[in-house]
Every structure is written in C-alpha cells, then in structure tokens.
Amino acid sequence: MTDKLSYAIIRSAVEKGIRDIQADPGRGVRGLIDLGEMFAIGRFQKDFFQVAQQMVDSPDSCYYQLVDRTVRSVDKDLLVTFGMNLGYNSWTRGASLIRETEDREGFNIPWMMVLDLLPGDGSAQVLPAGEIARVLREGRALGTYCYCFFLPEGYPATEELLSVLGAEPDCAFVLFLPPALADEALVQKIHRLGTIFAAVDLDAGQPEETRRATRLLLEHRCLCGGFTRRADLVRALDSVREEEAPLPFLFFLREASGHTPEDGGDIRVEKIREQLRVPVFPVDFYEDIAHIDRNISSEACLITIRSDGRVAATQDGGRAAGGLNIYTTPLRDILKSTAPKRGRSTPGG
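Residues numbered from 1 in each chain as written. Predicted model: local features only at pLDDT ≥ 70, side-chain atom pairs only at ≥ 80, totals over all residues. Heavy atoms only, no water.

Within the secondary structure layout, Thr228 lies in strand β5 (residues 224-228). Not counting the four nearest positions on each side in its chain, Thr228 is found in contact with Asp203, Ala236, Leu250, Phe251, Phe252 and Leu253. (Helix = DSSP H or I, 4+ residues; strand = E, 2+ residues; numbered from the N terminus. Contact = heavy atoms within 4.5 Å.)

Here it is in structure tokens:
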C-alpha cells in the first residue's frame, strides 16, 4: 500500500471517529482508540493507545470529558489535520525515516525541534524567515515533522513566520505565545492554516489579557492550551480549570538539561495523569518530548535553535557539544557533531 493511500484511509477513518464522538462521546472515544490501536505501527504508538484505553475505562473518567470537550470545541478539519501531521507524518512516516537515518549515519535526530525566538543577551535579533524555512526543509528531509516556536512579546515577524509555516502543510507546529500577541488577525491565520497548536503564556501579563487571548482562540475553534513555569503543578491545573475560559491542555516548562526534571512538589506529571481529577491534560514539555524520542529511537536528544542562529543540544545525561550556528552549518552536520549515537565519536573525535 502506498504512503498516500495509507494516509487517505487513516484520515477518513479519523474523520468518522470524530463524528462518532460528537454523536455519542463514550462509544465514540472507545471506537477512536480502538481505531488507533488497529493502525498503530511502532512501539510508541502501540503503547500510547494501550495507555489511552486504560485512561478511558471508566465512563466517569476526566479523559472522557477532555476528549469530548476537545472534539466539540475545536474545528474538525483543524483537529484532523493537526492530528494526522502529528500521529502519521511525525510518529509513523517521520519516525521510520529517523530510525533509518540514525542506524545508517550514527547520529540522533529529534522528532521535535525547538526554535526559541526569545532574544537573548539583550539582543533584538530576529531569526530571518528564510533561515527558518531552511531549517524546516532540512529537518523534514531527516524525518522531523514537528516544530515548537517560543515567541517573545512584541515579536515583529509573525506574518513572515506564518507564511513559512503555511508552506509546510505536512508538519505540526506548536506556538508558545505571550497573550498580547494573540490578536484577532493572528488567531484567524492560525485557524486557517490548520497545522498549529497555540499555547498561551499563563505567567505573563495581566489575568484579563490572558483570558482575552484564551477566549479568542476558543471562539475561533483553534486547537489551544496554556503553558506555565510554576512549580506547584496541582495548583496550576486548578487555576486553569477555574479560568473563565478553561483550556484543555496545560504545558509545564521545567528544566530541559538532561531530561531529568525535578518533582513539581510531591507529585510528578505522570502521577497527575494517572489520577486526573480535572479535564485538563498536563504535559511535562521537555521530559515528554524525551520520552517520545526514546520510544521512536533509542536515545533522546533535544535541539534548540536560538534567535541569533546558535544551536544548543541536550541529550540523555546532560548538555551535548554546542556552539554551532545554522547560518554557517547545515542541520545534518550540526546533528552529526552535537548528537552522535552512544559509542560513536564525533567527526574528528
């Protein structure tokens, strides 16, 4: 079966699954998970759907409420497109290419790449759209179909960035936004592209501004959530639930180095997920990226590209070699140098 045919069959089945949830949430959720198990290929996908089945065993589960709310509040075409780009293009087609390339060439390839466009060291430098487009092209050629962007308040190049993202309809993008950036024009474009998950910074600005931004995203039926750096995870979840415009997903940004985040109080994110008491899905951003990477491949690595083009690399166990710049070095060569497989030397080493 060709890749295009497989994609079309799975997309059609997912669309039907979402319609079934809208008609009968309990039965539809179970049916969609059964469908996922049937089409699951890799170890990560099979494990994911087995865990999902356990999470929705009880009709009173918060996961039922979460899935039902997400399906009813997000535009169906957007939900299907983003879901296919993440679940099929990234976790199936992209994962297969990543494994093949890693085995053949001996360096790690991240399934998701982070572009941190927050200016550092007092610099107001903006990574040009052309460089971002090149990173996406080179990353996709290696099997990376997911990209996360951290945008600063007052980011001056949203038009150019969205134009670049629109040229990559097979990828899944996550935008971490300060509330002030989420205006009517930006949210309309996010909705229209259909490939973007928008997460609002819940720690920035005034509460009224945050509520305005989240309401706007929900009113436009965007796939959205919030993110926080707060250490008290339970309190953070409660605050999202109690907001006037509650968000269905909450990202916790904790230490990326070594992928060994400290506990959030006495309860880790995975424990909260096992005993979810509010219909808000918590994501331990860096550690969950690493967990997926360890399942797709054998080792986790995280590549972060700064606004000035510098590249920071993190692998299991801590910081890897860095200091390269995408202005002067192709992405493949950066990965060869900074993310070698264990037991293999870096070029010249």
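Within the structure shown, the criterion is met by 15 aromatic pairs. Summarising the aromatic geometry, the rings of Phe249 and Phe281 are spaced 6.5 Å apart at their centres and angled 70 degrees between planes, so their arrangement reads as edge-to-face. Of this pair, Phe249 sits in strand β6 (residues 249-252) while Phe281 sits in strand β7 (residues 281-284); the two residues are 32 residues apart in sequence, bridging distant segments of the chain. (Phe/Tyr/Trp six-rings, centres within 6.5 Å; stacked < 30°, edge-to-face > 60°.)

In this structure the tally under the stated criterion is 19 salt bridges. Among the ionic pairs, Lys76 bridges to Asp77, the shortest N-O distance being 3.8 Å. Between Arg306 and Asp116 there is a salt bridge, with the nearest N and O atoms lying 3.1 Å from each other. With a gap of 190 residues between them, Arg306 in strand β8 (residues 301-306) and Asp116 in strand β1 (residues 112-116) connect regions that are remote in the sequence. Using a relative accessible area of 25% as the deciding quantity, one classes Arg306 as partly exposed. (Salt bridge = Lys/Arg side-chain N within 4 Å of Asp/Glu carboxyl O. Buried < 20%, exposed > 50% of the residue type's maximum accessible area, 1.4 Å probe, protein only.)

This paragraph deals with helix α7 (residues 158-166). Buried residues of α7: Leu161, Leu162, Val164 and Leu165, and no others. When α7 is viewed along its axis, its buried side chains cluster within an angular range of 155 degrees and face the same direction. Contact partners of the buried residues in α7: α6 (129-142), β2 (146-150), β3 (172-177), α8 (184-193) and β4 (196-201). (Arc of directions from axis to C-beta.)

We now examine the environment of Ile190. Along the polypeptide, Ile190 turns up in helix α8. Separated by 32 residues in the primary sequence, Ile190 and Cys222 have C-alpha atoms spaced 7.4 Å apart. Discounting residues that sit within four places of it in the chain, Ile190 has contacts with Leu78, Leu175, Leu177, Ile196, Ala198 and Cys222.

Another point: α8. Along α8, the residues classified as buried are Leu186, Val187 and Ile190. Projection of α8 onto a plane perpendicular to its axis shows the buried side chains occupying an angular sector of 95 degrees, all on one side. Where α8 is buried, its residues meet α5 (76-105), α7, β3, β4 and α9 (207-219).

Packed helices, taken two at a time, are described by their axes: the angle between them and the distance between them. Following both chains from N to C, one finds α7 and α8 inclined at 5 degrees, their axes separated by 11 Å at the closest point. Here α7 is positioned roughly parallel relative to α8, judged by the angle of their axes. Where α7 abuts α8, its residues Thr158, Glu159, Leu162, Leu165 and Gly166 lie against Leu186, Lys189 and Leu193. Its residues assigned to classes, the contact of α7 with α8 comprises four nonpolar, two polar and two charged. (Axes fitted to C-alpha atoms, helices over the stretch in contact; angles between N-to-C directions. Parallel < 35°, antiparallel > 145°, perpendicular 65-115°, else oblique. Nonpolar A, V, L, I, M, F, W, Y, C, P; charged D, E, K, R; others polar.)

Quick look at the environment of Ile196 now. Counting through the fold element by element, Ile196 comes out in strand β4. A C-alpha to C-alpha distance of 9.5 Å links Ile196 and Thr81, two positions 115 residues apart in sequence. If we ignore the near neighbours within four places in the chain, the residues touching Ile196 are Leu78, Phe82, Leu162, Leu165, Phe173, Leu175, Ile190 and Leu223.

Turning next to the pairing of β2. Working note: regular strand, side chains alternate between the two faces of the sheet. Counting buried positions over the five residues of β2 gives five, a clear majority of the element. Burial of the side chains of β2 extends over both faces: Cys146, Cys148 and Phe150 are buried on one face and Tyr147 and Phe149 on the other. The handedness of the β2 to β3 crossover, carried by α7, is right-handed. (Right-handed = clockwise from strand over helix to strand, strands pointing away.)

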